[in-house]
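# Survey of secondary and tertiary structure
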Amino acid sequence: MREFNFSAGPAVLPLEVLEQVRDELLDWDGSGASVMEVSHRGAEFMRVAEEAESDLRTLLGIPADYEVLFMQGGASAQFALVPMNLTAAQAPVDYIDSGYWSKKAVAEARRYCRVRMAASSDGTRVPAPSELDLDPRASYVHYTPNETIGGVEFPYVPATGSVPLIADMSSSILSQPIDVSRFGLIYAGAQKNLGPAGLTLVIVRKALLGRARPETPSVFDYQRVAEEKSLLNTPPTFAWYVAALVLKWLKGLGGLAAVAARNRAKADALYGALDASALFKTRIAPEARSRMNVVFSTGTPETDSAFIEAAAHEGLNHLKGHRAVGGMRASLYNAMPLEGVQALVEFMREFERKCA
Ligand code: PMP
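A quick note: this is a predicted structure, and the numbers were derived from the prediction, not measured.

### Focus: the domain arrangement of the chain
- Segmenting the chain into domains produces domain 1 (15-252) and domain 2 (255-355).
- Measuring from the centre of the C-alpha atoms in domain 1 to the corresponding centre in domain 2 gives 27 Å.
- Roughly 2,100 Å² is buried in total at the junction of domain 1 and domain 2, and carbon and sulfur atoms are behind 56% of that figure.
- Ranking the residues of domain 1 by area buried against domain 2 places T124, I149 and E153 at the top, with a combined share of 25%.
- Inspection of the region where domain 1 meets domain 2 yields one salt bridge.
- Ionic pairing is found between E153 and R291, a salt bridge with its closest N-O pair at 2.7 Å.
- Here domain 1 and domain 2 share 13 residue pairs in polar contact (both at pLDDT 80 or more) between them.

### A closer look at the pattern of salt bridges
- With the rule as written, the count across this model stands at 19 salt bridges.
- For D23, the salt bridge identified is with R22, shortest N-O distance 3.2 Å. The burial state of D23 is the same as that of R22; both residues are exposed.
- Where salt bridges share partners, they join E51, D55, K248 and K251 into one cluster.

### Some remarks on the site of the ligand
- Around the ligand, the neighbouring residues are G74, A75, S76, F79, W101, T144, N146, T148, D168, S170, Q191 and K192.
- With respect to the ligand, the backbone of A75 contributes an N or O atom lying 3.1 Å from an oxygen atom.
- K192 places a polar side-chain atom, nitrogen or oxygen, 2.9 Å from a nitrogen atom of the ligand.
- For the ligand, whose unbound accessible area comes to 390 Å², protein coverage reaches 84%.

### Quick word on the sheet that holds strand β2 (residues 66-71)
- On the basis of which strands lie adjacent, the open sheet formed by seven strands has the order β2-β10-β9-β8-β5-β3-β4 and mixed pairing. Each of the sheet's edge strands pairs with one partner strand only, and the pair in question is β2 and β4 (114-119). Strand-to-strand twist in this sheet, taken as the mean axis angle between neighbours without regard to direction, amounts to 20°.
- The pairing of strand β8 (residues 165-168) with strand β9 (residues 185-189) spans three bridges and is classified as parallel.

Calculation criteria
- Residues numbered from 1 in each chain as written.
- Predicted model: local features only at pLDDT ≥ 70, side-chain atom pairs only at ≥ 80, totals over all residues.
- Heavy atoms only, no water.
- Domains from an automatic or database assignment.
- Buried area = accessible area lost by both parts, 1.4 Å probe.
- Salt bridge = Lys/Arg side-chain N within 4 Å of Asp/Glu carboxyl O.
- Polar contact = N/O pair within 3.5 Å; in protein donor to acceptor, adjacent residues only side chain to side chain.
- Buried < 20%, exposed > 50% of the residue type's maximum accessible area, 1.4 Å probe, protein only.
- Near = heavy atom within 4 Å.
- Areas by Shrake-Rupley, 256 points an atom, 1.4 Å probe, with all protein chains shown as cover.
- Pairing = 2+ DSSP bridges.
- Helix = DSSP H or I, 4+ residues; strand = E, 2+ residues; numbered from the N terminus.
- Axes fitted to C-alpha atoms, helices over the stretch in contact; angles between N-to-C directions.

Spelled out as structure tokens, the structure:
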């Protein structure tokens, strides 16, 4: 039986997508083989790749002067590939620190660039627009719109003038409409809102291409990957195929405005329950509460552990918070149905009643 999976990633996939994968696993598209067993250069797979790109372009409204790249190495590879591809050695770059993942991005960028911290925060909020100290000579500004571990999310897109804005959207991509033209580059590991691990999405303004440092590996050179339509070498075909099905599923839901409304309703239900509870609390400032990763705690590690264990018995799984934060974390990505959140809220009330 399928249970409710609140994992932060790899994370829940839409049931309809998994059923389709199961149904066509042995004989994909009448080929007599699975999608994993055919050439990435064959007409059938090329069609999957093209449709994935065109569905993504439709969903996000990606302008024509942007390239869409399907890469490997996860978001962690992008921490290095962004500076390698977009800057000369020791170029000045601005990073906004909002927690765990933005700090990881900073640590990697320091190997390639002169990193300036444009703002930082204490992990319970995100820097306000007025706190951003941006250098107009920076090669780019990097930020993490949603901090998967800390559970904070920017309620705004930083205004960076003519300096390209780079966003690690690993845990928020496709969760709501965005104005892609505000960004120089967006990257995201697939394994939360897009599909299985192994695939990394990059959306980059064409004007930023062609400046990779000479030592950049070809498979990691955005320009080369764009020229080869992300088929420079063998891509993770199965992950790409599943992501293509997820994109069709999102279109079927009515596009990202409808998806955003669903996500808002889920987050409101859970934060509403936290605000009403005398036992469960969140430390995150209201304006910075992540819609995707809801971090909360009872304040007592033993009670948290008891809750996580009891919830798992009820089919509410993977609620343990990241070891860096402790407590609980409920990830509410696109494929988590509202019923899952309602079941969690109901169970929290029952647990609290029993504790009282
Ligand atoms: N950035 C963010 C915001 C993430 O949530 C994660 C993964 N949890 C990463 C980067 C690292 O991604 P990957 O494991 O794909 O390298």
